[in-house]
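Structural overview
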Amino acid sequence: MTQRKRMSNTQSSSQSKRASGPAATQEEEDDQTFTQPSTTQVQRGLEKLTPAQVDQKTAEVVQFFLVKDQKKIPVRRADLVKHVVKEYRNIYPEIMKRAARIFDQVFGLKMIEIDAKNHMYILINKLETVEGASPIANPTNPKMGLLFVILSVIFMKGGVVGENLIWKTLKNLKVDVGERHEEFGDVKKVVTDEFVRQR
Amino acid sequence: MSRQMGDSHRRFLQTMMANGIVDEQGARKLIAHCCEASNAQHNPDKLDDFIETINLKLQPMFMQITKGMSEDSGHQFYALVNMAETDVTRMSSDYADNELELFRKTMDLIVCSEKGNASSTDILNSADTMTTKKLKKSETEHLLNRLVHDKWLNEKRGEYTLSTRCIIEMEPYIRTMYQDQVKVCHICRNIAFQCQICENPACGIKIHNPCVARYYKGRAEPRCPACDDFWPHEIPEVRRPKSQSRK
């Protein structure tokens, strides 16, 4: 029985995909070469595989999604096909359908496509928030606070805002972009790099 | 008879996903809260049934909510753990290769230690023998803080121990990797780091500190359960979970 080490080695391939330039176009190419298989193709594909194999692949897709969701990074179809689905790409729609059902029934999450052109997916919560505090304190992330301040500025400005206005707003809240902040580190990097990557 | 999975189970699972580990009392309260939120029937005695319902659904995804004991308090905890290693999980790590190497070195130090701990000095020194990109002193300290924050290690007075979550999740790995060195508790049969050892050289059995407390509770003269020699160590007090009633 294979033993799992929780913090096993990072395969940095998915991280390196984040770099812009040649890597991004490679991704687009990958996605363009992937055409959705037809229903008959899916049927034929399913016949050739055992239910256990399909279940295993579905489980891997679910895990992949959960991991990306934890980092708040959307899942690209190209990544998913290249790294997880791989040779099962002919039954891709069936796998996605099953994965969506698992998210719904087991986790109470909904898989939605946020970008129809580039085929990017995220998970959102189906369960409504509950009145009254949960008995377990959820781990808070201070970056959320920062993010929300920025988002509210953008929202109030009608959707687009220049960089300088954001830095100015943060400075008024004592978050100086020029200096190293004790909680966030390089503030500019967090905003322009991390938050943009998390869309 | 286990129930169908409902919103109360899903809510519980989502909280487990956010927190990683929860103590037994917390789990009880959480289940009550989740059931109430979804207007579901709730049986406070059937904690394990509730979790079993979730586990049945998690099994195909190689995940489980597993129970384990804290070596500090002796209390039971529930942790959401991953059961299998696939390419996907390897991609999932929050930690870089060299950070993982240092974590493995820390684990080596802890497993081979007498008291189940490793000092920050020893860990910093072990960074000198790294084969991947070496970590600077400040980076090592930063990494250790992260590991504590992410609930993989505990820190007390400069000494690091494996957290309850770490032990529960890594138990199969530890048993395989360190099968000669790892200590096993004579009472509960789980792997043991912070434990007492029988001083009889022919015996040498190990017992978790909380297991010692429970086993010898109320006994006048503690004796080794295996060789009957006098048990020379201080018997700790049994630690009760925080009282439920708060008026």
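Rules behind the numbers
- Residues numbered from 1 in each chain as written.
- Chains lettered and ligands numbered in written order.
- Predicted model: local features only at pLDDT ≥ 70, side-chain atom pairs only at ≥ 80, totals over all residues.
- Heavy atoms only, no water.
- UniProt positions renumbered as here; feature names shortened; annotations may be inferred.
- Helix = DSSP H or I, 4+ residues; strand = E, 2+ residues; numbered from the N terminus.
- Buried < 20%, exposed > 50% of the residue type's maximum accessible area, 1.4 Å probe, protein only.
- Contact = heavy atoms within 4.5 Å.
- Areas by Shrake-Rupley, 256 points an atom, 1.4 Å probe, with all protein chains shown as cover.
- Lys, Arg positive; Asp, Glu negative; His and termini not counted.
- Charge placed at Lys NZ, Arg CZ, Asp CG, Glu CD.
- Expected span 1.5 Å × (residues − 1).
- Domains from an automatic or database assignment.
- Buried area = accessible area lost by both parts, 1.4 Å probe.
- Salt bridge = Lys/Arg side-chain N within 4 Å of Asp/Glu carboxyl O.
- Polar contact = N/O pair within 3.5 Å; in protein donor to acceptor, adjacent residues only side chain to side chain.
- Phe/Tyr/Trp six-rings, centres within 6.5 Å; stacked < 30°, edge-to-face > 60°.
- Lys NZ or Arg CZ within 6 Å of the ring centre and 35° of its normal.

The name given to chain B in an unreviewed UniProt entry is Non-structural maintenance of chromosomes element 1 homolog, and the organism recorded there is Notothenia coriiceps. The UniProt entry for chain B carries the following comment under Subunit (unreviewed entry): "Component of the Smc5-Smc6 complex." The heading Function (unreviewed entry) in the UniProt record of chain B holds the text "RING-type zinc finger-containing E3 ubiquitin ligase that assembles with melanoma antigen protein (MAGE) to catalyze the direct transfer of ubiquitin from E2 ubiquitin-conjugating enzyme to a specific substrate. Involved in maintenance of genome integrity, DNA damage response and DNA repair."

If you look chain A up in an unreviewed UniProt entry, it shows as Melanoma-associated antigen G1-like from Notothenia coriiceps.

**A closer look at the overall build of chain A**
When you go through chain A residue by residue, the secondary structure sums to 9 helices and 5 strands. Listing the helices and strands of chain A from first to last along the sequence gives α-α-α-α-β-α-α-β-β-α-α-β-β-α. Per-residue burial over chain A gives 37% buried out of 199 residues. Long-range contacts, defined as pairs at least 24 residues apart, comprise 61% of the intrachain contacts of chain A with a sequence gap of at least 6. Summed over all atoms, the accessible surface of chain A reaches about 12100 Å², with 52% contributed by carbon and sulfur.

**Here's the deal with the overall build of chain B**
The number of helices and strands found in chain B is 9 helices and 10 strands. If you line up chain B on its principal axes, its C-alpha atoms span 55 × 55 × 35 Å. Looking at chain B as a whole, 48% of its 247 residues are labelled buried. At a minimum sequence separation of 6, the contacts of chain B that also span at least 24 residues come to 53%. Accessible surface for chain B amounts to roughly 13000 Å². Of this, 46% is attributable to carbon and sulfur atoms. For chain B, the centre of its 34 positive side-chain charges and the centre of its 34 negative side-chain charges are spaced 5 Å apart.

**Re helix 7 (residues 137-149) of chain B**
Side chains three or four residues apart in an α-helix point the same way, a direct result of the helix having 3.6 residues per turn. Residues and elements named next belong to chain B. Taking 1.5 Å as the rise per residue, helix 7 with 13 residues should run 18 Å; its terminal C-alpha atoms sit 18 Å apart, in good agreement. The elements touched by buried residues of helix 7 are helix 5 (97-112), helix 6 (120-126), strand 5 (153-156) and strand 6 (159-162). Following helix 7 by one or two positions, Lys-151 has its phi on the positive side, about 65°.

**Quick word on the environment of Lys-157 of chain A**
Within the secondary structure, Lys-157 of chain A sits in the loop between helix 7 (142-156) and helix 8 (163-172). Separated by 122 residues in sequence, Lys-157 of chain A and Thr-35 of chain A have C-alpha atoms that sit 39 Å apart.

**Details of the domain arrangement of chain B**
Residue and element names in this part refer to chain B. For chain B, the assigned domains are domain 1 (7-82), domain 2 (88-177) and domain 3 (182-238). Computed over C-alpha atoms, the centres of domain 1 and domain 2 are 27 Å apart. Taken together, the contacts link 15 residues of domain 1 with 8 residues of domain 2. Carbon and sulfur atoms supply 60% of the area buried between domain 1 and domain 2, which totals about 840 Å² over both sides. When the buried surface of domain 1 facing domain 2 is broken down by residue, Ile-21, Val-81 and Asn-82 rank first, second and third, together holding 40% of it. Our enumeration of links across domain 1 and domain 2 arrives at 0 salt bridges. One can count 2 residue pairs in polar contact (both at pLDDT 80 or more) joining domain 1 with domain 2. Those elements that place two or more of their residues in the side of domain 1 that touches domain 2 are strand 2 (63-69) and strand 3 (76-82). Counting residues per element, the side of domain 1 that touches domain 2 draws most heavily on strand 3, which supplies 5 residues.

**Describing the packing of aromatic side chains**
Inspection of every chain in the model, using the stated rule, returns 6 aromatic pairs over all chains. Ring geometry for Tyr-216 of chain B versus Trp-231 of chain B: centroids 5.9 Å apart, planes at 35°, classification tilted. Of the two residues, Tyr-216 of chain B is situated in the segment after helix 9 (209-215) and Trp-231 of chain B in the segment after helix 9; the sequence distance between them amounts to 15 residues. Here Tyr-216 of chain B falls in the buried class, since its relative accessible area comes to 3%. Its relative accessible area of 1% is what places Trp-231 of chain B among the buried residues. Through successive ring pairs, a cluster of aromatic residues spans Phe-65, Phe-103, Phe-107 and Tyr-121 of chain A. Taking the ring centre of Trp-152 of chain B as reference, the NZ or CZ of Arg-165 of chain B above it sits at 4.4 Å. The ring centre of Tyr-215 of chain B lies 4.5 Å from the NZ or CZ of Arg-219 of chain B, which sits over that ring.

**Let's talk about the environment of Glu-99 of chain B**
Residues and elements named next belong to chain B. Residue placement: Glu-99 occurs in helix 5. With 40 residues separating them in the primary sequence, Glu-99 and Glu-139 have C-alpha atoms 9.2 Å apart. Once you skip the residues sitting within four places of it in the chain, Glu-99 turns out to touch Asp-94, Leu-135, Leu-143 and Arg-146.

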